[in-house]
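Residue-level structural notes
Okay, here's what each chain looks like letter by letter:
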Protein chains: 2
Amino acid sequence: MIYLAVDAMGGDHAPAAILDGSILALNQDPELFLYFCGKEDVIKAHLADKTYDQSRVEIVPADEIVGNDEHPVEAVRRKKNASVVVALNLVKDGKAQGAVSAGSTGAFLAGSTFIVKRIRGIQRPALAPLMPRMDGKEVLLIDCGANVDCRPQFLPQFALMGSAYMEKVMGVKNPKVGLLNNGAEEGKGNELTKEAYPLLQQCGVNFGGNAEARDIVTADFDVVVSDGFAGNIALKSSEGIGVMLFSLLKKEMTRNLRSKIGALLLKPALKNLMKYADYTSYGGAILLGVNAPVVKGHGSSNAKAFCAAVHQTAKMVRMDVVGTIKAAMENIKGEDA
Amino acid sequence: MIYLAVDAMGGDHAPAAILDGSILALNQDPELFLYFCGKEDVIKAHLADKTYDQSRVEIVPADEIVGNDEHPVEAVRRKKNASVVVALNLVKDGKAQGAVSAGSTGAFLAGSTFIVKRIRGIQRPALAPLMPRMDGKEVLLIDCGANVDCRPQFLPQFALMGSAYMEKVMGVKNPKVGLLNNGAEEGKGNELTKEAYPLLQQCGVNFGGNAEARDIVTADFDVVVSDGFAGNIALKSSEGIGVMLFSLLKKEMTRNLRSKIGALLLKPALKNLMKYADYTSYGGAILLGVNAPVVKGHGSSNAKAFCAAVHQTAKMVRMDVVGTIKAAMENIKGEDA
């Protein structure tokens, strides 16, 4: 059995989408056991008419909620009974093997670091979403916002963690790692990337050199490492262009009768494309570097997206991603700040 | 008459596309005078069968070329007779009022700074491309790679220069400036953006707060300021997603007979959309902060794109963008490093 803690109250569509998605995952995976952390009466009411194996669900009461507008660190420290804090404490206490939340990213990051705690040797846990690549595969972008100011030695740690994830969970052999940079040639970069480059060459990953931002989706890197600020810019720029192009496409397709008929004929073909429009709501961003798999679902997660995040967390438990990172860290030196 | 220096030898399709685009601009704008800097025989041979007003063209011999693989600063210092150096010297000597090149970005940056020189009070000239916005307008992203490591006080200078350009050349009244950041709320950011925020509030531009990367194209900022590293990531991420989505769209549209017919019906509508696919080849990125308008055409510029870059440079001369920046700089304090 795989035991996961679910923050039932976090997310724009919580608790409905969170509980529906979790039940979906529960019904698909007979080895799953879920703790629903949140307001007991609300959760009970929502689950009342649902069909699922009740022996694999436990409601853990948590009366408080951390909002997106709260200071994450303060909120996590003050609200001992917040759903996200209760969920992470289940992991800390060994009752759950991993946790999933679609609530405040900051609170989930802070809580995971304070409660679940960092893996020995990892100085900064990092947030890592998967992005779709042009060739149909996926690339892990790490870090995307957990650490907006980075020291060079953090980046090889990101590279090791990202490689472990892509190998274990995504089944990529010898994942190719790129360093997000402002030019492809060696020697390009700002102070951070110039110093990180030789560290990445030495840290034991399959380092493929600099990745320009356009290479993230158009080239063959499996992992792209970055400080959290630049990674966030890359992720959200992509999101912006996606939103813009799909919105313009929709507008052009309804411009007149001719284009409406064209759009109708193209509909099945475009469905394949549309998954790229909302890739950010697929699954979640993984927080790598803490002592258990913790996954942050997109704030706007619907049931399907949250279900994917639950499966993702379970797979990380099954494939022992954390154990792989721990083993890799024993081969890399570095001060433990 | 407006006198511009053209680096005839710079760019992937030089000199043909450069000369063709320049002649196109010359024939459209009767007030234009162009100096073609480059190998005299090559230029003469290419122009031999072209129709244009020969009294408004002068060939200035320059036997050397700076390649993309050369160290920009060294190349500009060593190759006194390189086409880009000769073009910029015409500006320095007052013969030309502005310069255009589609060659090595680094060499053009270095040459502009060393030869044309910085505007008094501007610590770092910055590279600024226009990006298309979802609402059909355009946004200037400044800096996109000239300064990969920035101090906070550079950013208000970027804001002032960008505002001057958008107001004078693009006709935007009171341009709204955003600070590229990893979150919309005040207080978000890395060390640089947190320190730059209050400086932007005080520098006299219409500061609209933080811009997340997705806001660049989806919101209503006219200018988005950034250090050159993050700006480069934003620009090239957008480019990558654009390339990916259009490539996938094309693939889906030729998947079977049904989608082929649909695509045919949609063709006119999609033409409007396609301009977003290659916006980076439209006009050029402006280098703001030196004593004359200098525009860097995209390396892959065709004649049409280079023609747009020439018109852009001429408009900067006509609207006295440099004079506007100079005036604005008198209202902002700052050490002159």
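These figures come from a predicted structure and were not determined experimentally.

The subject of this paragraph is the confidence of the model for chain A. For chain A, the average pLDDT comes to 92, and 96% of its residues sit at 70 or higher. As scored by the predictor, the complex reaches a pTM of 0.92 and an ipTM of 0.91.

Attention shifts here to the relation of the copies chain A and chain B. When chain A is brought onto chain B, the operation consists of a screw motion whose angular component is 180 degrees and whose axial shift is 0.0 Å, with 0.0 Å RMSD remaining. The superposition of one copy onto the other is thereby described by a two-fold rotation axis. Looking at the rotation axis and the C-alpha trace of chain A, the residue lying nearest is A:Gly262, at 2.0 Å. Mapped onto chain B, 100% of the interface residues of chain A are again interface residues, and the two copies thus contact each other with one and the same surface.

The partner chain B presents 54 residues to the 54 residues of chain A that form the contact. Joining chain A to chain B, the criterion identifies 4 salt bridges. The shortest N-O distance in the salt bridge between A:Glu212 and B:Lys236 comes to 2.2 Å. Seen at the junction of chain A and chain B, the total is 14 residue pairs in polar contact (both at pLDDT 80 or more). Only strand E6 (130–132), strand E8 (176–181), helix H7 (191–202), helix H8 (215–218), helix H9 (228–253) and helix H10 (257–274) of chain A provide two or more residues apiece to the side of chain A that touches chain B.

Residue and element names in this part refer to chain B. Spatial ordering of the open sheet is given by E3-E2-E1-E4-E12-E11-E5, a layout of 7 strands whose pairing is mixed. Lying at the two open borders of the sheet, with one neighbouring strand each, are strand E3 (57–61) and strand E5 (126–128). Averaged over neighbouring strand pairs, the angle between their axes works out to 25 degrees when direction is ignored. Note: E5 against strand E11 (residues 284–288), 3 bridges, orientation antiparallel. Bridge assignment links Ala128 to a residue of E11, and that residue is Ile286.

Quick look at the packing of aromatic side chains now. Residue and element names in this part refer to chain A. Evaluated as defined, the whole model comprises 6 aromatic pairs over all chains. Ring geometry for Tyr3 and Phe33: centres 5.0 Å apart, planes at 40 degrees, overall tilted. Linking Tyr3 in strand E1 (residues 2–7) with Phe33 in strand E2 (residues 32–38), this pair joins segments that are 30 residues apart in sequence. Among the residues examined, Tyr3 registers a relative accessible area of 29% and is labelled partly exposed. With 5.1 Å between their ring centres and 75 degrees between their planes, Tyr197 and Phe207 make a pair best called edge-to-face. Remark: Phe207 occurs in strand E9 (residues 206–212) and Tyr197 occurs in helix H7; sequence separation between them is 10 residues. Residue classification places Tyr197 among the buried residues on the basis of a relative accessible area of 11%. You can call Phe207 buried: its relative accessible area is 16%.

This part is about the sheet that holds E2(A). Residue and element names in this part refer to chain A. Strand order in the open sheet formed by 7 strands is E3-E2-E1-E4-E12-E11-E5, with mixed pairing between adjacent strands. The open sheet has two edge strands with one neighbour each: strand E3 (57–61) and strand E5 (126–128). Here the average twist between neighbouring strands, direction ignored, is 25 degrees. The pairing of strand E11 (residues 284–288) with strand E12 (residues 294–297) spans 4 bridges and is classified as antiparallel. The residue of E12 that forms the bridge with Gly284 is Gly297. Packed onto the sheet, helix H11 (residues 303–318) meets E1, E2, strand E4 (98–101), E11 and E12 and runs at close to 140 degrees relative to E1.

Conventions used here
Residues numbered from 1 in each chain as written. Chains lettered and ligands numbered in written order. Predicted model: local features only at pLDDT ≥ 70, side-chain atom pairs only at ≥ 80, totals over all residues. Heavy atoms only, no water. pLDDT = per-residue confidence, 0-100. Least-squares fit on C-alpha atoms with pLDDT ≥ 70 in both. Contact = heavy atoms within 4.5 Å. Salt bridge = Lys/Arg side-chain N within 4 Å of Asp/Glu carboxyl O. Polar contact = N/O pair within 3.5 Å; in protein donor to acceptor, adjacent residues only side chain to side chain. Helix = DSSP H or I, 4+ residues; strand = E, 2+ residues; numbered from the N terminus. Pairing = 2+ DSSP bridges. Axes fitted to C-alpha atoms, helices over the stretch in contact; angles between N-to-C directions. Phe/Tyr/Trp six-rings, centres within 6.5 Å; stacked < 30°, edge-to-face > 60°. Buried < 20%, exposed > 50% of the residue type's maximum accessible area, 1.4 Å probe, protein only.

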